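One-letter residues, chain by chain:
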Amino acid sequence: MWSLQPLAERLEQSSLGTAIAESRYAFPVIEGTHLLGLAISVGLIILIDLRLVGLLLRDVPARTLVTQLRPYALWGYAIVVISGVLLLWSEATSVIASPAWTFKWIFMALAGINALYFEFIVARRPLVDGDQGALPRDLKAAGLASISLWTLVIVCGRLIAYLPRWP
Amino acid sequence: MSRTGTELLNVLQASRLSHAIAKSNHLLIASLQIVHVLGITLLLASLCLITLRLWGLVLAERSAAQVVREASALLWLGVVVAIGSGAFMFIGSPRHYAYNPAFEVKMTLIALAIVAELLFLRAAAAGRLPRIALKLGAGLSLSLWLAVGVAGRAIGFV
């Protein structure tokens, strides 16, 4: 954590960092983009997860929903990442001091690992192709894990402003 | 604001619930905001799915009416969660919100968006509208809710 501090100070004091922090409109616009972008991209991921769990569009094959919604979720996610980096740039020292930020990264990493496990191991099995209705148990588990982890990422993100430092 | 409006705000501000929320640990407000964001996430994502389907970009081989019906249930759940958590935030400091211009804009846009959704989703789920009306209606309701989000974000900055 401590080794990040000098980098955070450099980011915050850079011309881009100060420009965002001092502009009347830049910060709220970027923050709004981050929030609406995450509602759409993480939301679409959660819709896919709800299909895996069996709560949504049960008669659409899971594979169809995943492949068709994935590009929109990923493009949206790119917007969330870019706006997130810009927000960090403008207030890096206070953000990285928050325990919520550390936990947000942990949950994002776990969500990423879960997504890779789903993509490359679970979903590659031939059984999933054309599978309708209820899915095997580990697919449901991957969906549930994804819903929980992304929810925790959102929770931690919102808490950054409320938990400024470690106790 | 009318006199009854002002009186109502004063009564609300003086209420025990308002004091309880305003005086509570700041993590209660944080929790309300988190629930608010999760509601918005459900709302916007299901509306996105509906819009993508009505524009023919996903699940084109599936009945649009069925996708609209299933996603609408989630959309309304999101609306209820967002409005419910928002109502508690409002009760916590009614005067702070009521005199904020962005808040007024947001409430107007929410009313419009809900009316648009009630009319549009029902017609779309029943499969009664021509394709062009479905596309326009989906685009309009998504824009309205995004505008609600922008106005909501602006509350903290005006």
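Residues numbered from 1 in each chain as written. Chains lettered and ligands numbered in written order. Predicted model: local features only at pLDDT ≥ 70, side-chain atom pairs only at ≥ 80, totals over all residues. Heavy atoms only, no water.

### Side note on the interface of chain A and chain B
Then comes step 1: Contacts between chain A and chain B engage 32 residues on the former and 31 residues on the latter.
Then comes step 2: Here chain A and chain B share 1 salt bridge between them.
Then comes step 3: Ionic pairing is found between Arg153 of chain B and Glu31 of chain A, a salt bridge with its closest N-O pair at 3.0 Å.
Then comes step 4: Viewed at the interface, chain B and chain A are joined by 8 residue pairs in polar contact (both at pLDDT 80 or more).
Then comes step 5: Counting residues per element, the ones that place at least two in the side of chain A that touches chain B are helix H3 (26-53), helix H4 (62-90) and helix H7 (137-159) of chain A.
Then comes step 6: Sorting elements by how many residues they give to the side of chain A that touches chain B places H3 of chain A first, with 13 residues.
Then comes step 7: Tallied by class, residues from the side of chain A that touches chain B come to 22 nonpolar, 6 polar and 4 charged. (Contact = heavy atoms within 4.5 Å. Salt bridge = Lys/Arg side-chain N within 4 Å of Asp/Glu carboxyl O. Polar contact = N/O pair within 3.5 Å; in protein donor to acceptor, adjacent residues only side chain to side chain. Helix = DSSP H or I, 4+ residues; strand = E, 2+ residues; numbered from the N terminus. Nonpolar A, V, L, I, M, F, W, Y, C, P; charged D, E, K, R; others polar.)

### Remarks on the side chain of Asp49 of chain A
Residues and elements named next belong to chain A.
Then comes step 1: Note that Asp49 resides in helix H3.
Then comes step 2: Although buried, Asp49 forms no salt bridge, and the nearest oppositely charged side chain, Arg51, lies 11 Å from it.
Then comes step 3: Engagement of the side chain of Asp49 in a polar contact is seen with the side chain of Ser146, the distance being 2.6 Å.
Then comes step 4: Apart from residues lying up to four places away in sequence, Asp49 is in contact with Gly143, Ser146 and Ile147. (Buried < 20%, exposed > 50% of the residue type's maximum accessible area, 1.4 Å probe, protein only. Lys, Arg positive; Asp, Glu negative; His and termini not counted.)

### Quick notes on the nonpolar core
Then comes step 1: Counting residues in hydrophobic clusters, the biggest one holds 72 residues, and the most contacted among them are Leu47, Leu57, Leu69 and Phe118 of chain A together with Leu49, Leu54 and Trp145 of chain B.
Then comes step 2: Among the secondary structure elements, those contributing two or more residues to this core are H3, H4, helix H6 (99-122) and H7 of chain A together with helix H3 (26-54), helix H4 (64-92), helix H6 (101-125) and helix H7 (131-155) of chain B.
Then comes step 3: Sort the elements by how many residues they give to this core and H3 of chain A lands first, with 13 residues.
Then comes step 4: Contact partners of Trp145 of chain B, with chain neighbours within four places excluded, come to Leu43, Leu44, Leu47, Val79, Ile110, Ala113, Ile114 and Glu117 of chain B. (Core = buried A, V, L, I, M, F, W, Y, C linked by side-chain atoms within 4.5 Å.)

### Section: the pattern of salt bridges
Residue and element names in this part refer to chain A.
Then comes step 1: Evaluation of the coordinates by the stated rule reveals 2 salt bridges over all chains.
Then comes step 2: The partner of Glu119 in a salt bridge is Arg70, and the shortest N-O contact between them spans 2.5 Å. Placement of Glu119 in helix H6 and of Arg70 in helix H4 is noted, with a sequence separation of 49 residues between them.
Then comes step 3: Relative accessible area serves as the criterion here: at 28%, Arg70 is assigned to the partly exposed category.

### As for the side chain of Ser146 of chain A
Then comes step 1: Note on placement: Ser146 of chain A falls in helix H7.
Then comes step 2: Discounting chain neighbours no more than four positions away, the residues touching Ser146 of chain A are Ile45, Asp49 and Asn114 of chain A.

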